[in-house]
Amino acid sequence: MVKRILTVLLLFPTLVCAQINTDRVMTIARNALYFEDYVLSIQYFNQVINAKPYLYEPYFFRALAKLNLEDFQGAETDCDAAIQRNPFVVGAYQIRGLARIRQSKFDGAIEDYKKALHYDPENITLWHNLTLSHIQKKDYDAAKEDLESLLKVSPRYTRAYLMRGEVSLQQKDTIAALNDFNKALELDKYDPDAWSARAIVKLQQAKYAEAEADFNRAIPLSAKNAGNYINRALARFHQNNLRGAMSDYDLALDIDPNNFIGHYNRGLLRARVGDDNRAIEDFDFVIKMEPDNMMAVFNRGLLRAQTGDYRGAIQDYTTVINQYPNFLAGYYQRSEARRKIGDKKGAEQDEFKVMKAQIDKQNGVTNKDVAQNKGKEDEGEGGEKTRKKSDKNMNNYRKIVIADDSEAEQRYTSDYRGRVQDKNVNIKLEPMFALTYYEKMSDVKRSVNFHKYIEDLNRADVLPKRLRITNMEAPLTEEQVKVHFALIDTHTSAIVEDEKNASKRFARAIDFYLVQDFSSAVSDLTQTILLDGDFFPAYFMRALIRCKQLEYQKAEQAVETDVVSGDNKRKEITAVDYEVVRKDLDKVIDLAPDFVYAYYNRANVSAMLKDYRAAIVDYDKAIELNPDFADAYFNRGLTHIFLGNNKLGISDLSKAGELGIVSAYNVIKRFIDQSE
């Protein structure tokens, strides 16, 4: 989740330790952390801490793993231990600040960020999080001071303008807020948050057409943001476009099926256009979420009466009247329903209650409940068309619901750097394919990855689990970690008994790979190849693991050497280092020319080395072998764009989106109006 933001923190130079074994365990642990296998990494860090409790690094990295697993208290405790051992590590203060924020310890977080900025005053992430901590405390003046400092460090940092605009809105300075939102759009017209922020201000100014136009720009850039559909529905509602508003509520509820405002407002709109039964379904859902929501109960009562369910309507009206004994509309509607079922006496009692209240009102007699609604009896039909969610005035039961100010304030306050990824889709290649036992679940069902040789291998029962071909590898659970450590021991015993068995070597290599022990995995794969030179899965996996090792080493080279004292003298990774990866993939293609994933992975290697034309040749071959290969279309589309061929790139991205890679549409939006 946080790999892209926290790479610098993750890759601090490791202290040179006397014991090689400790070094090795630390390296494996950091591999696991870098590739987001958090449970596994914690187990390795525990081993290092037990062996050398005086080192700060295993505590720091374990804190980072715990943060990702949402063990915020544990992360804070580990950061305390890291700082006690080395008080000059900027990352430890940052991680502890994040852990404290998640526990609403904002004063402690502010203290941590200020301390970290003392050592690293130009760190954008630290300024960003410090600002949001001050916003959480409603210390808006301090937040603006932070943002001034941040913009001096990075004048083109769009998030700073968005945050400052939010602060201005809290200070009721709409003009200043709009200026900042416009500046953010000037710097980055592909930021969906900038468009939606300006749109919300337009909503507040009752400029509904302009608000809708801004939401129209935000939605394609952030298609999974239900809030944008909810807000565009409001803009459309104010322009009397009820069908368009309902369509937006439908889309919002597809994304967020539990959205209260979506169900309530869609229920109201369905009722307005006579779609009573489906309106009842919406209010049923709202009442299930909030059984004490009397406005929803009353609206359902009206709809039940409309559909002939008078007893159900009476039940709803009675529930509301019990809660609000002086809600006259409730008595009036119940009297109507009681007459429909022949309860003349009950109807007359309700009518008498209404008549008495009207006489009392004329005579100036009131009570607590009547006073609550005084002067607002007719507001449901006239006056404002909307109400805040927290509004409990029963006479506003027909009004469209909007979020409370307190909810709207949260738009950026959870956007802490280092905890979440950028809201925009990161423009990067789809990952390489691996042979593994575990695969992440996908929101969109894509085609099953299949190859006959791998299927035959699974049927032969030479491996402990079914091997999958996937580029959506799942991290191990704690139980799975234990299983694979045990399997390594089992395979080792089997190998001792039969050293010439290539399958057993390969099986252990997969287990080493799953527990992120890449060196041991490569060693076993090499032995597998020596025993059976035609076993192409060993070449395929060795190429993948070596590529991951190079990826990690390249990330280490990108570390800012001044974060921790000491020089960073790591061997530079060049194209030559990738030749061993390419040779293995070449061998796979020689042995299994129909194994489409080898062409795809080789294309990815070429693209990583900016050899885009070679990459396109391999993507072409992969697509020729499998015309529904969504990942190949996506990566070929990006590669065309990298070469400046936007038209070809967008065509491929469109096909990738059609085949299930939803993020392709975000990328298309960014490049569709750029010239070749």
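Residues numbered from 1 in each chain as written. Predicted model: local features only at pLDDT ≥ 70, side-chain atom pairs only at ≥ 80, totals over all residues. Heavy atoms only, no water.

Mind showing me how you'd approach the overall build of the chain here?
Per the secondary structure count, the chain includes 34 helices and four strands. Split into buried and exposed, the 676 residues of the chain put 52% on the buried side. In the chain, the proportion of contacts linking residues at least 24 apart, taken out of those at least 6 apart, comes to 59%. Per element, the accessible surface of the chain, about 31200 Å² overall, is 48% carbon and sulfur. (Helix = DSSP H or I, 4+ residues; strand = E, 2+ residues; numbered from the N terminus. Buried < 20%, exposed > 50% of the residue type's maximum accessible area, 1.4 Å probe, protein only. Contact = heavy atoms within 4.5 Å. Areas by Shrake-Rupley, 256 points an atom, 1.4 Å probe, with all protein chains shown as cover.)

Where do I start with the environment of K392 in this structure?
Relative to the helices and strands, K392 resides in the loop between β1 (386-388) and β2 (400-402). Given a relative accessible area of 52%, K392 falls into the exposed group.

Please explain the packing of aromatic side chains as it appears in this structure.
When we look at a pair of aromatic rings, we describe it by the centre distance and by the angle of the planes. All chains considered together, the criterion is met by 29 aromatic pairs. With a centroid separation of 5.0 Å and 85° between ring planes, the pair formed by Y34 and F35 is classed as edge-to-face. When sorted by exposure, Y34 lands in the same class as F35, which is buried. Consider the rings of Y44 and F485, whose centres lie 5.8 Å apart with planes at 80°: the pair is edge-to-face. With a gap of 441 residues between them, Y44 in helix α3 (residues 38-51) and F485 in helix α25 (residues 478-497) connect regions that are remote in the sequence. (Phe/Tyr/Trp six-rings, centres within 6.5 Å; stacked < 30°, edge-to-face > 60°.)

Explain the nonpolar core to me, please; I cannot follow it from the model alone.
Inside soluble globular proteins, nonpolar side chains tend to come together where they are buried. Counting residues in hydrophobic clusters, the biggest one holds 149 residues, and the most contacted among them are F506, F540, M541 and F595. Looking at this core element by element, the count peaks at 12 residues for helix α28 (residues 536-557). When residues no more than four places from it in sequence are discounted, the contact partners of F595 are H451, I454, I469, F536, F540 and V588. A233, I287, Y324 and Y397 belong to the second-largest nonpolar core, a separate cluster that totals 46 residues. (Core = buried A, V, L, I, M, F, W, Y, C linked by side-chain atoms within 4.5 Å.)

Any chance you could explain the packing of helix α6 (residues 90-102) against helix α8 (residues 124-136) here in plain terms?
Angle between the axes and distance between the axes are the two parameters that describe a pair of packed helices. Viewed as axis vectors pointing N to C, α6 and α8 meet at an angle of 25°, and their least axial separation amounts to 11 Å. Considering their axes alone, α6 and α8 lie roughly parallel with respect to each other. Along this stretch, α6 crosses α8, giving a crossing that reads as left-handed. Where α6 approaches α8, its residues V90, Q94, L98 and I101 are matched on the opposing element by T125, L126, N129 and S133. Residues of the contact of α6 with α8, tallied by class, amount to four nonpolar, four polar and no charged. (Axes fitted to C-alpha atoms, helices over the stretch in contact; angles between N-to-C directions. Parallel < 35°, antiparallel > 145°, perpendicular 65-115°, else oblique. Left-handed = near helix turned anticlockwise from the far one by under 90°. Nonpolar A, V, L, I, M, F, W, Y, C, P; charged D, E, K, R; others polar.)

Looking at this structure, I do not really get unusual backbone geometry. What am I missing?
Most peptide bonds are trans, and most residues other than glycine sit at a negative phi. Positive phi outside glycine occurs at K138, with the angle close to 60°. Counting through the fold element by element, K138 comes out in the loop between α8 and α9 (140-153). Notably, D461 is not glycine yet its phi reads approximately 60°, a positive angle. Within the secondary structure, D461 sits in the loop between α24 (452-459) and β4 (468-470). The exposure class of D461 is exposed, given its relative accessible area of 64%.

Honestly, the pattern of salt bridges in this entry has me stumped. Any pointers?
For side chains bearing opposite charge, pairing can occur when the charged atoms are close. As enumerated under the stated definition, the model contains 48 salt bridges in all. One salt bridge in this structure joins E624 and K621, with 3.5 Å as the shortest N-O distance. On the criterion of helical spacing, the pair formed by E624 and K621 is a turn pair, its members being three residues apart in helix α31 (residues 612-625). Here D652 makes a salt bridge to R636, at a shortest N to O gap of 2.7 Å. Pair noted here: D652 is in helix α33 (residues 646-658) and R636 is in helix α32 (residues 630-642), with a separation of 16 residues, a long-range link. Note on D652: relative accessible area 6%, which makes it buried. Residues joined by salt bridges that share partners form a network here, namely E76, D80, R96, R100, K105 and D112. (Salt bridge = Lys/Arg side-chain N within 4 Å of Asp/Glu carboxyl O.)

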